[in-house]
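Take a look at the letters that make up each chain.
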Amino acid sequence: MTGQVQQMRSLLECVWPAALDTARQPFRSRTWLAALTVVCDRDGGDLERTRRLGMDRFERAVRREVVRRGGLKPSLRIVRNLFAALTDPAGVIAHRRGALERVRFLLADRDHAGASLVEVESLMTGVVDELGLTVLVGSITGLSVLGAAAILAETGDPTRFASARALVKHAGLAPREKSSGAFTGRTKLTGQGRPGYAWPPGGRSGAPNAPIPSTPPATGT
C-alpha cells in the first residue's frame, strides 16, 4: 500500500500537482480519495468533462463514493478545493489522461490491499482470542491485541525459550551498556535478533511496549 501511494504521488506530481495541495494529508483523507476516484473513474481522467458536471453534481458523486468507502459525509472544503484544481494548467497535460488512468488502477489495488489487511488483522486477533490471551494482552500497557498476535507469529511458542531474557534477545530488545572505566554511557538496545521480528520502529530504540503500528485508516475528512 505504501508503494501504491508513492506511485500515485509521483504520477500526480508530474501531471496534476495541484490535486496534491487540496488536502493536508491527501492519501489519509477519505474525502480526497473518494474525489480522486470520481475524477479517474467517471471520465477516464478527462478533467474538462468532470468540470462540466458542475460543483453540485460533483459533490453528490463524491458523497456517494465516501459512503461506499465507509464514511458518513465528505469534507466540503476538500471537495471544493479539488473541483477548483480541475482547471489548474500545471503539469504535463499531454500525459495527464494516461497517468490518471494508472492512478485509477492504483486506487483499486490500494482498496483491495486495504480490505485484505483488515481481513488478515481480524484473523490474527481471532487466534489470540482462541488462545485465551486477549484479557492478558489488554492488561499490558502499550501493547495491542494485534501487536501481540504479530509477536506470537514471529516467536512461535514462547515456552521454547529457556528464559524471558532469551525471548527478549530473540526480539533484539536486550540492553547493551556502553561504559569504559568510570564513564557510563547511555544504555541502548542491541537491535540484534530475528530481522523480521514484528516489533515497532520505536521498539528497538527504547520503547519495547509501544504498540505495533498499522496503516492509518482514512479519516472522515
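That block above? That's the structure.
Report follows, based on the coordinates. Bear in mind the structure is a predicted one, so any value in this text is a computation, not a measurement.

## Section: the overall build of the protein
Along its length, the protein carries nine helices and four strands. Element order for the protein, N to C, with α for helix and β for strand: α-α-α-α-α-α-α-α-α-β-β-β-β. Buried positions account for 36% of the 221 residues belonging to the protein. For the protein, long-range pairs separated by at least 24 residues make up 58% of all intrachain contacts whose partners lie at least 6 apart in sequence. Just so you have it, the protein exposes about 12900 Å², and 54% of that area is on carbon and sulfur atoms.

## Remarks on the packing of helix H2 (residues 30–42) against helix H4 (residues 55–68)
One can describe the packing of H2 onto H4 by two numbers: an axis separation of 8 Å at closest approach and a directional angle of 115°. Overall, the two elements H2 and H4 adopt an arrangement that is roughly perpendicular. Here H2 runs over H4; the crossing is right-handed. Touching Arg30, Thr31, Ala34, Ala35, Thr37, Val38, Val39 and Arg42 of H2 are Arg57, Phe58, Ala61, Val62, Glu65 and Val66, all from H4. Here the contact of H2 with H4 is built from residues that sort into eight nonpolar, two polar and four charged.

## Some thoughts on the environment of Cys40
Along the polypeptide, Cys40 turns up in helix H2. With residues up to four places along the chain from it excluded, the contact list for Cys40 reads Gly45, Leu100, Val103 and Arg104.

## Quick notes on the packing of helix H6 (residues 96–130) against helix H8 (residues 145–155)
Relative to each other, H6 and H8 sit at 80°, their axes nearing to 9 Å. Our classification of the angle between H6 and H8 gives roughly perpendicular. Residues Glu121, Met124, Thr125 and Val128 of H6 form the contact with H8, whose participating residues are Val145, Leu146, Ala149 and Ala150. Its residues placed into classes, the contact of H6 with H8 shows six nonpolar, one polar and one charged.

## Points about the pattern of salt bridges
A full pass over the atoms with the stated rule returns six salt bridges. Taking the shortest distance from any N to any O, the salt bridge between Glu59 and Arg63 comes out at 3.0 Å. Placement of both Glu59 and Arg63 in helix H4 is noted, with a separation of four residues, approximately one turn of the helix. You can call Glu59 buried: its relative accessible area is 17%. Close ionic contact of Glu65 with Arg68 constitutes a salt bridge, the shortest N to O distance being 2.5 Å. One end of the pair is Glu65 and the other is Arg68, both in helix H4 and three residues apart, which spans about a single turn. Using a relative accessible area of 10% as the deciding quantity, one classes Glu65 as buried. Overlapping salt bridges bring together Glu65, Arg68, Arg69 and Asp111 as one network.

## Thoughts on the environment of Val127
Within the secondary structure, Val127 is located in helix H6. Along the primary structure Val127 and Val145 are separated by 18 residues, whereas in three dimensions their C-alpha atoms are 10.0 Å apart.

## Considering the side chain of Arg110
Within the secondary structure layout, Arg110 lies in helix H6. There is no salt bridge for the buried Arg110, and the closest opposite charge comes from Asp111, which lies 4.6 Å off by N-O distance. Residue contacts for Arg110: discarding those within four places in its chain leaves Met1, Gln4, Val5, Met8, Phe27 and Leu33.

## Points about the nonpolar core
Proteins that are soluble and globular tend to have nonpolar side chains buried together. Among the nonpolar cores identified, the biggest contains 35 residues, and Leu12, Trp16 and Trp32 are the most heavily contacted of them. When residues of this core are traced back to their parent elements, those giving at least two are helix H1 (2–15), H2, H4, helix H5 (76–85) and H6. In terms of residue count, the dominant contributor to this core is H2 (eight residues). The contacts of Trp16, once residues within four sequence positions are left out, are Leu11, Leu36, Val39, Leu47, Leu82, Ala85, Leu86, Ala90, Arg96 and Leu100. Among the nonpolar cores identified, the runner-up in size contains six residues, and Val128, Leu143, Ala148 and Ala149 belong to it.

## As for the packing of aromatic side chains
How two aromatic rings sit relative to each other is set out by the distance from centre to centre and by the angle between their planes. Following the criterion strictly, the structure yields two aromatic pairs and no others. Here Phe27 and Trp32 contribute two aromatic rings whose centre-to-centre distance is 5.0 Å and whose plane-to-plane angle is 65°, an arrangement assigned as edge-to-face. Residues Phe58 and Phe83 carry aromatic rings whose centres are separated by 5.5 Å and whose planes lie at 40° to one another, so their mutual orientation is tilted. One end of the pair, Phe58, is in helix H4; the other, Phe83, is in helix H5, with 25 residues separating them in the sequence.

Reading the values: rules and limits
- Residues numbered from 1 in each chain as written.
- Predicted model: local features only at pLDDT ≥ 70, side-chain atom pairs only at ≥ 80, totals over all residues.
- Heavy atoms only, no water.
- Helix = DSSP H or I, 4+ residues; strand = E, 2+ residues; numbered from the N terminus.
- Buried < 20%, exposed > 50% of the residue type's maximum accessible area, 1.4 Å probe, protein only.
- Contact = heavy atoms within 4.5 Å.
- Areas by Shrake-Rupley, 256 points an atom, 1.4 Å probe, with all protein chains shown as cover.
- Axes fitted to C-alpha atoms, helices over the stretch in contact; angles between N-to-C directions.
- Parallel < 35°, antiparallel > 145°, perpendicular 65-115°, else oblique.
- Left-handed = near helix turned anticlockwise from the far one by under 90°.
- Nonpolar A, V, L, I, M, F, W, Y, C, P; charged D, E, K, R; others polar.
- Salt bridge = Lys/Arg side-chain N within 4 Å of Asp/Glu carboxyl O.
- Lys, Arg positive; Asp, Glu negative; His and termini not counted.
- Core = buried A, V, L, I, M, F, W, Y, C linked by side-chain atoms within 4.5 Å.
- Phe/Tyr/Trp six-rings, centres within 6.5 Å; stacked < 30°, edge-to-face > 60°.

In short, the description is geometric, and any link to function would need to be established separately.
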